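# Breakdown of the fold
Each chain is listed here by its residues.
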Amino acid sequence: MTHGAGDLVRSGRRKFLKWATAVGGVLSAALAGVPAARAFLSPVFRRQRHDNWIRLGEAAAFDVEVPVKVDFVDAVSDAWVEARRLRSVWVYTVDGEQFTVYNGRCTHLGCNFSLDDAATPVVFRCPCHTGFFDIKSGAVLGGPPPRPLDRLDVKIENGILYAQYRDFRLGTAEQVEV
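Let me begin by describing the structure that accompanies this report. (Residues numbered from 1 in each chain as written. Predicted model: local features only at pLDDT ≥ 70, side-chain atom pairs only at ≥ 80, totals over all residues. Heavy atoms only, no water.)

## Describing the packing of aromatic side chains
Counted by the stated rule, this structure contains 8 aromatic pairs. An angle of 65 degrees between the planes, with centres 5.0 Å apart, marks the rings of Phe113 and Phe124 as edge-to-face. Of this pair, Phe113 sits in the loop between strand 4 (99-103) and strand 5 (114-116) while Phe124 sits in strand 6 (residues 123-126), and the two are 11 residues apart along the sequence. Here Phe113 falls in the buried class, since its relative accessible area comes to 2%. Directly above the ring of Trp53 sits Lys155, whose terminal nitrogen or CZ lies 4.4 Å from the centroid. Taking the ring centre of Tyr162 as reference, the NZ or CZ of Lys155 above it sits at 5.8 Å. (Phe/Tyr/Trp six-rings, centres within 6.5 Å; stacked < 30°, edge-to-face > 60°. Helix = DSSP H or I, 4+ residues; strand = E, 2+ residues; numbered from the N terminus. Buried < 20%, exposed > 50% of the residue type's maximum accessible area, 1.4 Å probe, protein only. Lys NZ or Arg CZ within 6 Å of the ring centre and 35° of its normal.)

If you want it as structure tokens, here you go:
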């Protein structure tokens, strides 16, 4: 039995279609599989958190018993997007040598609190839900905040005050870093 020219064309077409189907299947599996594998394995390859020490200024420049708000810009990476956020901390010292630095967010819902120097005694006041905090200890004096203000680690190097900025879970009685 002899094959005609039509049979050869059909045979070549079948081979091409089998090849194209196999390549398409491999590409489809890769397109779906690679992101799925990356999502599954991403915790293994997650970068370690770096210490985020923020320069707050010369330690001698902070007035004794006067809370000072210090704003700074922080870069935050969320997947492939890097954004810059304006953040705040409050610096307080009783003696000019020992410093307390508070995260600038209320522990209730994360609103920025401010110094209410019209109150007696002077307190930190959160305007969102009227939370009040003691300026010396960060303790809750009133309102819905579930815990005291979040304190940050501090260090002084060559006369410069630094704070290790961290965010904490909001609305919980326990201080849990996020």
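The rest of the description comes next.
## Observations concerning the sheet that holds strand 4
If you walk across this open sheet you meet the 6 strands as 1-10-9-4-3-2, and the pairing is antiparallel. If you trace the sheet from one side to the other, it starts and ends with strand 1 (53-58) and strand 2 (68-78), each paired once. Going across the sheet, the axis of each strand differs from the next one's by a mean of 35 degrees, ignoring polarity. (Pairing = 2+ DSSP bridges. Axes fitted to C-alpha atoms, helices over the stretch in contact; angles between N-to-C directions.)

## Some words on the pattern of salt bridges
Summed over all chains, the structure comprises 7 salt bridges. One salt bridge in this structure joins Lys69 and Asp71, with 4.0 Å as the shortest N-O distance. Of the residues examined, Lys69 reaches a relative accessible area of 41% and is grouped as partly exposed. The salt bridge involving Arg105 is made with Asp167; its shortest N-O contact spans 3.1 Å. Remark: Asp167 occurs in the segment after strand 10 (160-164) and Arg105 occurs in the loop between strand 4 and strand 5; sequence separation between them is 62 residues. Bridged by salt links that share partners, the residues Asp74, Arg87, Arg105 and Asp167 form one connected network. (Salt bridge = Lys/Arg side-chain N within 4 Å of Asp/Glu carboxyl O.)

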